[in-house]
Structure formats: C-alpha cells, structure tokens
Amino acid sequence: MTIRPIILLPDPVLRQVSKPIERVDEGVRKFAGDLFETMYDAPGIGLAAIQVGAPRRMLVIDLAKEGEPKAPQVFINPEIVSCADEASVYEEGCLSIPDYYAEVERPKDVTVSYLDLEGKLQEIKAGGLLATCLQHEIDHLNGVLFIDHISRLKRDMVVRKFRKMARDKAPAGMVG
Ligand code: NI
C-alpha cells in the first residue's frame, strides 16, 4: 500500500467529475488500500479517489474514534437513492482544504447504493456522521467541495487564502 499525495484547493483537478468504475478487480482493491493508507496517514475520516488525482467514482470512510478498532468502509460507484427532508448541521473539514472548518447543512439521513470490493451491489441507510460524510465524499466525485455549501463571502475568503498559499509554495523563478 502506498501513501499518495493529497491534492489541495485550488487545484482544478478537484473540480473534475469522476467516472464510474466498470469492473471491480484486483487493481481497484489495491487502490482502495492506497486510499485507506493515505487517509489514515493524513489523518482523516473520509477520502475520495479524486483527492489523490484519480477521477474514479470511489471513496473510503472510517469513522472509528481514536483507540477504537479500525472500521474501514469502501463505496464504489455510490449513488444517493433517497434522502430525508429533515436536515442536520455538522462542522465539516476536508483533507484537500486543510485547517479550515465550517458548518454545513445537509439532509440528516441518506440511502446510498454502491458496489463493495467484491463488485456486489449494496445499499446502506445512513444517519448521523456517516450520512454527512457520505454526502461530502459523493460531492467530491461530482467536483463539488464542502465550501460550495457555505456563503459566497466565506468561500471567496478561503479560496483566496489557499490560492495565495499555493503561490507562495510554488518554486521561485530564476533570479538572474
Ligand atoms: Ni473532502
């Protein structure tokens, strides 16, 4: 398993719409291992393939708290089948937007269909943090970031900050 570099805002790759995975094979299973390794190293509770530059509809989640046994979950080609009318608010963050958190309102419960690592069709009814996390990660597969759900003013501020950070990190040009 390999830890892969995580792509950061404002990289346009994060805005790509990921493509469905046609066959769940050994390559996909190996890639899931890389996603977990990368997510645990970060550390985070969810990671979508596009965040390591792979535009494939696949994401991993592990909501186990520190000290609890690991609870890895893989979702391939996930689709939101239905969601609750009732909303809930969570403070969200994203490994592609480090050290920035904001409250986001989303449907409280969602039913999601997906393929597991054997390629079998599954369905899960999720509530609480899992519902929020699934919606956040599925957004990534559609090129949507959690900052798209906050006010324009706050979003512009965070995008500007990350744009400046990316600029400052870029290798300096030749100084003659
Ligand atoms: Ni994220």
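Calculation rules
Residues numbered from 1 in each chain as written. Predicted model: local features only at pLDDT ≥ 70, side-chain atom pairs only at ≥ 80, totals over all residues. Heavy atoms only, no water. Salt bridge = Lys/Arg side-chain N within 4 Å of Asp/Glu carboxyl O. Helix = DSSP H or I, 4+ residues; strand = E, 2+ residues; numbered from the N terminus. Buried < 20%, exposed > 50% of the residue type's maximum accessible area, 1.4 Å probe, protein only. Pairing = 2+ DSSP bridges. Contact = heavy atoms within 4.5 Å. Donors = N, O, S within 2.8 Å, 3.2 Å for Na, K, Ca; no water. Axes fitted to C-alpha atoms, helices over the stretch in contact; angles between N-to-C directions.

**Q** Help me understand the pattern of salt bridges, please; the structure alone is not making it clear to me.
**A** Where charged atoms from two side chains of opposite charge come close, those side chains can pair. According to the stated counting rule, one finds eight salt bridges in the structure shown. Residues Arg15 and Asp148 are paired through a salt bridge, measuring 2.7 Å at the closest nitrogen-oxygen approach. On the criterion of sequence distance, the pair formed by Arg15 in the segment before α1 (26-41) and Asp148 in the loop between α2 (128-141) and α3 (152-169) is long-range, its members being 133 residues apart. Owing to a relative accessible area of 38%, Arg15 belongs among the partly exposed residues under this scheme. Overall, the relative accessible area of 28% leaves Asp148 in the partly exposed class. Here Asp156 makes a salt bridge to Arg152, at a shortest N to O gap of 3.7 Å. Here the residue Asp156 and the residue Arg152 both occupy positions in helix α3, the gap between them amounting to four residues, near one helical turn. What makes Arg152 exposed here is its relative accessible area of 60%.

**Q** Got a minute to help me understand the pairing of strand β4 (residues 87-94) in this structure?
**A** For a regular strand, the rule is simple: side chains alternate between the two faces of the sheet. Both β4 and strand β5 (residues 97-107) contribute to a ladder of seven bridges, which runs antiparallel. Its bridge partner lying in β5, Glu91 is registered against Glu103. In sequence, β4 turns back onto β5 through a hairpin of two residues.

**Q** How should the pairing of strand β7 (residues 121-126) be read in this particular structure?
**A** Pairing of strand β6 (residues 110-115) with β7 involves six bridges; the strand directions are antiparallel. Across the sheet, Val110 pairs through a bridge with Ala126, a residue of β7.

**Q** Just checking my understanding: could you explain the environment of Leu59 for this structure?
**A** Its place among the elements puts Leu59 in strand β2 (residues 58-61). With 45 residues separating them in the primary sequence, Leu59 and Val104 have C-alpha atoms 20 Å apart. What Leu59 contacts, discounting residues up to four positions off in sequence, is Leu47, Ala48, Gln73, Val74, Phe75, Pro78, Leu134, Glu137, Ile138 and Leu141.

**Q** Just to check I follow, could you spell out the coordination of the nickel ion for this structure?
**A** In a perfect tetrahedron of four donors around a metal, the angles come out at 109.5 degrees. In a perfect octahedron of six, they are 90 or 180 degrees. Ligation of the nickel ion by protein atoms is provided by Cys94 (SG), His136 (NE2) and His140 (NE2), these donors lying 2.1 to 2.3 Å from the ion. Written as a sequence motif, the donor arrangement for the nickel ion is C-x41-H-x3-H. Separated by 42 residues along the polypeptide, Cys94 in strand β4 and His136 in helix α2 bring together distant segments of the chain. Both residues of the pair, Cys94 and His136, belong to the buried class.

**Q** I would appreciate a short explanation of the sheet that holds β2 in the present structure.
**A** Strands pair in a sheet through their backbones, by hydrogen bonds, and they do so in one of two ways: parallel or antiparallel. Taken in spatial order, the five strands line up as β1-β2-β3-β6-β7 in an open sheet, and their pairing is antiparallel. Each having just a single partner strand, β1 (46-48) and β7 make up the two edges of the open sheet. Taking the axes of each pair of neighbouring strands and ignoring which way they run, one obtains an average angle of 40 degrees across the sheet. Bridge count for β1 against β2 is three bridges, and the pairing is antiparallel. Of the residues in β2, the one forming a bridge with Ala48 is Leu59. Against the sheet, α2 contacts β1, β2, β3 (73-83), β6 and β7, and its axis sits at roughly 150 degrees relative to β2.

Any functional reading would require information that these geometric values do not contain.
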